[in-house]
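# Remarks on the overall topology
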Amino acid sequence: MASLIHCPHCGIRPKEEFSIRGDASLVRPDPAASDEAWNDYVHIRSNPRGRYHEHWQHGAGCRRWLVVERDTFTHEVFSVTDAASVARKAGR
Ligand SMILES: [Zn+2]
């Protein structure tokens, strides 16, 4: 895994300062959605090989949530973006 992560707020930092919080592509269902939709959102996860978007939190730094695009096989990091700006662009 890449040992250095470029936080958009703090600069280049060691990966140990971050916590991986899971799939960043999940979209929260409507509160009135079916139990099945909520079950899938809360419990069902894919395990892809290749490029993947994950939520990471910079807990030992700015404490911001980030979207990190990395390869799950090689651990190469392609991009790091503030999660709030990603959500705004997606209209969430
Ligand atoms: Zn940071």
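Below or above, wherever it landed, is the structure these notes cover.

## A short note on the side chain of Asp-82
Inspection of the secondary structure puts Asp-82 in strand E6 (residues 77-82). Polar side-chain contacts of Asp-82 include one of 3.0 Å to the backbone nitrogen of Ala-84. Setting aside residues no more than four positions away along its own chain, Asp-82 makes contact with Pro-8, His-9, Arg-64, Trp-65 and Leu-66.

## Regarding unusual backbone geometry
A positive phi is found at Arg-63, a non-glycine position, where the angle reads about 65 degrees. Relative to the helices and strands, Arg-63 resides in the loop between strand E4 (51-57) and strand E5 (65-71). Backbone geometry places His-75, a non-glycine residue, at a positive phi of 70 degrees. Along the chain, the position of His-75 falls in the loop between E5 and E6.

## Thoughts on the coordination of the zinc ion
Looking at the zinc ion, the protein donor atoms are Cys-7 (SG), Cys-10 (SG), His-58 (ND1) and Cys-62 (SG), and they sit 2.1 to 2.4 Å from it. Given 4 donor atoms and angles of 104 to 117 degrees at the metal, the environment of the zinc ion is assigned as tetrahedral. Each donor residue of the zinc ion lies on the same chain, and together they follow the pattern C-x2-C-x47-H-x3-C. Separated by 55 residues along the polypeptide, Cys-7 in strand E1 (residues 4-7) and Cys-62 in the loop between E4 and E5 bring together distant segments of the chain. In this structure Cys-7 comes out as buried when scored by relative accessible area, which is 1%.

## Considering the environment of Ala-84
Among the structural elements, Ala-84 can be located in helix H2 (residues 83-90). The sequence separation of Ala-84 and Leu-66 amounts to 18 residues, and the corresponding C-alpha distance is 7.9 Å.

## Considerations on the nonpolar core
In this structure, Ile-5, Cys-7, Phe-18, Trp-56, Leu-66, Val-68 and Val-80 together form the largest nonpolar core, which totals 7 residues. Contributing elements (two or more residues each) for this core: E1 and E5.

Each value, and the rule that gives it
- Residues numbered from 1 in each chain as written.
- Predicted model: local features only at pLDDT ≥ 70, side-chain atom pairs only at ≥ 80, totals over all residues.
- Heavy atoms only, no water.
- Helix = DSSP H or I, 4+ residues; strand = E, 2+ residues; numbered from the N terminus.
- Polar contact = N/O pair within 3.5 Å; in protein donor to acceptor, adjacent residues only side chain to side chain.
- Contact = heavy atoms within 4.5 Å.
- Donors = N, O, S within 2.8 Å, 3.2 Å for Na, K, Ca; no water.
- Tetrahedral: all angles 85-135°; square planar, octahedral: opposite > 155°, others 65-115°.
- Buried < 20%, exposed > 50% of the residue type's maximum accessible area, 1.4 Å probe, protein only.
- Core = buried A, V, L, I, M, F, W, Y, C linked by side-chain atoms within 4.5 Å.

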